[in-house]
Structures are given as C-alpha cells and as structure tokens.
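Chain residues, written in single-letter form:
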Amino acid sequence: MKIFATAVGDTATAPQVTGFIESPFNPLAHQVAEQLLSGVDGARAALVLASELGDSVTTDLSSRLLTEGKPANALLFMQATANAILGRISIEHDITGPLLSLSPGEHPGSGPLDVAELLLEDGLDRVLVIGVELAGTPRTDAVHRLRGTEPRVTDLAAGLLVGPGDGLPKPYPPGVAGLHALAATTTAQGERR
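Attention in this report is confined to the structure presented alongside it. Note that the coordinates shown come from a computational prediction; the quantities given were computed from them, not determined experimentally.

With respect to the overall build of the protein chain
Then comes step 1: If you tally the helices and strands in the protein chain, you get 7 helices and 5 strands.
Then comes step 2: Sequence-ordered secondary structure for the protein chain, helices as α and strands as β, is β-α-β-α-α-α-β-α-β-α-β-α.
Then comes step 3: For 193 residues, the compact-globule estimate of 2.2 N^0.38 gives 16 Å, and the C-alpha radius of gyration of the protein chain, at 16 Å, lies within 12% of that figure.
Then comes step 4: Each of the three principal axes of the protein chain carries a C-alpha extent, and together these read 55 × 35 × 30 Å.
Then comes step 5: For the protein chain, the proportion of its 193 residues judged to be buried stands at 47%.
Then comes step 6: Within the protein chain, contacts between residues separated by at least 24 positions form 78% of all contacts whose residues are at least 6 apart in sequence.
Then comes step 7: Entry remark: accessible area of the protein chain is about 9500 Å², with carbon and sulfur atoms responsible for 56%.
Then comes step 8: Computed over 13 positive and 22 negative side-chain charges, the inter-centroid distance for the protein chain is 1 Å.

Next comes the structure, spelled out in structure tokens:
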C-alpha cells in the first residue's frame, strides 16, 4: 500500500458543517476529507473512519438532555453515528465505494489501514482513511480508567489517502494516534501528492 497524501485536522480551524452541531468530531473528519479528496476520482474510492470511542461529545450531550428531561434534538440523533459524516463526504466527492466506520482494536490486522488494504485488494484505486479521537469527557475518562489506558487531552484528527503499491511497511499503526503520527511524519517529509 502506498500513501498519496496526508492531512492533520485542527479543531481551531475546522469549519462548522451544516447539519452537525456542538461537537468537533464531524467538522474534524470533514476538514481532513476536504484536504485530501480534491481532484480525486470518487468512482473507485472508499472511505474508512476510525475512532475508538466515537463522537463522545454528541453521545454525552444526548444523554444529559435525556436525564435532565429536556427535549431531544434530532440533529444529535443523526450525527451520533460516524456514518452520517461519511455519507456527507461521499455525496460531496462522488465516492461510490464502501463507507466504513470502525473502532480499532489492539489485535493485529484490526486497524484502519489493514481495512484499507483489504478494500484495495478488492480493486479500488483509493481509500481515504480518517481517524478522529476527541478529548476526554468524564464518561470516556472512566472508560479509559477501566481499560488502564490514557485518555486524550486534546482532539486528534488525521487522514491518509492510500492506494495500491509499495511504500508503507507493515505492521500498520493500529489506532488513530498511529495514523496521526504517520500523517504528521509523512507531511514533514514532503511526500504529499
């Protein structure tokens, strides 16, 4: 597998996306996609979005509204699944291949780049792999304590546009932090397409 382009998202510069509110998750995913899909033929492309805990800001806000007896917001229900932003990106860039969202595990071969490699073996030309993790909330911090892992202290977003070829050694980074490190390193080396 070969990297054609990389991007790193930034909460401070990610523009709001119409139809998505409150959370930086979807604007970050959209910002990364916008940077990487310009000029890409979507007819033979796919999208993979990886996040260990997903859009925790939206999930937590929906839960608070429910427990406080406040009316639910239909936009929160729609954006709570990562597939919502993938659908938006696919429409904007004419992506006709699969759209997959996953929670990467620690098992070898379960990371987002491993999934991208499988999609490329099925005859696609490009796969945009996006990873987004949000800063911890009290609920996600509790999950990390139970798992014995460190919570995020800042939002993290990265993307790699990959295709068939050689150049990316295995094993691939298993999680979003690995994607971010790879995107930052590749960008620093000036390997953008």
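Description of the sheet that holds strand S2 (residues 45–50)
Then comes step 1: On the basis of which strands lie adjacent, the open sheet formed by 5 strands has the order S1-S5-S4-S2-S3 and mixed pairing. With one partner strand each, in any of the chains shown, strand S1 (2–8) and strand S3 (99–102) form the two edges of the open sheet. Mean inter-strand twist for the sheet, computed between neighbouring axes without regard to direction, equals 15°.
Then comes step 2: Pairing of S2 with strand S4 (residues 126–133), which is carried by 6 bridges, proceeds in the parallel orientation. Opposite Ala 46, over in S4, you have Val 127 as the bridge partner.
Then comes step 3: Here helix H1 (residues 25–37) sits on the sheet in contact with S1, S2, S4 and strand S5 (156–163), set at roughly 150° to S4.
Then comes step 4: Sheet strands in contact with helix H5 (residues 112–121) are S2, S3, S4 and S5, and its direction is about 165° off that of S4.

Describing the pattern of salt bridges
Then comes step 1: Going through the model one piece at a time under the given rule, you end up with 4 salt bridges.
Then comes step 2: Close ionic contact of Glu 52 with Arg 147 constitutes a salt bridge, the shortest N to O distance being 2.1 Å. With a gap of 95 residues between them, Glu 52 in the loop between S2 and helix H2 (56–67) and Arg 147 in helix H6 (residues 138–147) connect regions that are remote in the sequence.
Then comes step 3: Residue Glu 52 is classed as partly exposed on the basis of its relative accessible area of 29%.
Then comes step 4: The class for Arg 147 is partly exposed, based on a relative accessible area of 46%.
Then comes step 5: For Arg 88, the salt bridge is made with Glu 92, and the minimal N-O distance between the two is 2.8 Å.

Description of unusual backbone geometry
Most of the time, phi is negative for any residue but glycine, and the peptide bond is trans.
Then comes step 1: A cis amide bond links Lys 170 to the next residue, Pro 171, at an omega of 0°.
Then comes step 2: Positionally, Pro 171 belongs in the loop between S5 and helix H7 (176–188).
Then comes step 3: With a phi angle near 70°, Glu 22 is a residue other than glycine that sits in the positive phi range.
Then comes step 4: If you trace the backbone, Glu 22 turns up in the loop between S1 and H1.

Considerations on the environment of Ser 51
Then comes step 1: On the secondary structure map, Ser 51 appears in the loop between S2 and H2.
Then comes step 2: Sequence spacing of Ser 51 and Leu 118 is 67 residues, and the spatial spacing of their C-alpha atoms is 19 Å.
Then comes step 3: If we skip the residues at most four places from it in the chain, Ser 51 touches Phe 25, Leu 102, Ser 103, Pro 104, Val 132, Glu 133 and Val 176.
Then comes step 4: Engagement of the side chain of Ser 51 in a polar contact is seen with the backbone nitrogen of Gly 54, the distance being 3.0 Å.

Quick look at the nonpolar core
Then comes step 1: Counting residues in each nonpolar core, the largest one holds 29 residues, and the members touching the most others are Leu 37, Leu 49, Leu 128, Ile 130 and Val 132.
Then comes step 2: Elements with a contribution of two residues or more to this core: S1, H1, S2, helix H4 (83–92), S4 and S5.
Then comes step 3: Top element by residues in this core is H1. It accounts for 7 residues.
Then comes step 4: Leu 49 has contacts with Phe 25, Ala 29, Ala 82, Ile 85, Leu 86, Leu 100, Ser 101, Leu 102, Ile 130 and Val 132, leaving out every residue within four places of it along the chain.
Then comes step 5: Formed by 24 residues, the second largest nonpolar core is a distinct cluster that contains Leu 102, Leu 120, Ala 158 and Leu 160.

Reading guide: rules and limits
Residues numbered from 1 in each chain as written. Predicted model: local features only at pLDDT ≥ 70, side-chain atom pairs only at ≥ 80, totals over all residues. Heavy atoms only, no water. Helix = DSSP H or I, 4+ residues; strand = E, 2+ residues; numbered from the N terminus. Rg over C-alpha atoms; globule rule 2.2 N^0.38 Å. Buried < 20%, exposed > 50% of the residue type's maximum accessible area, 1.4 Å probe, protein only. Contact = heavy atoms within 4.5 Å. Areas by Shrake-Rupley, 256 points an atom, 1.4 Å probe, with all protein chains shown as cover. Lys, Arg positive; Asp, Glu negative; His and termini not counted. Charge placed at Lys NZ, Arg CZ, Asp CG, Glu CD. Pairing = 2+ DSSP bridges. Axes fitted to C-alpha atoms, helices over the stretch in contact; angles between N-to-C directions. Salt bridge = Lys/Arg side-chain N within 4 Å of Asp/Glu carboxyl O. Polar contact = N/O pair within 3.5 Å; in protein donor to acceptor, adjacent residues only side chain to side chain. Core = buried A, V, L, I, M, F, W, Y, C linked by side-chain atoms within 4.5 Å.

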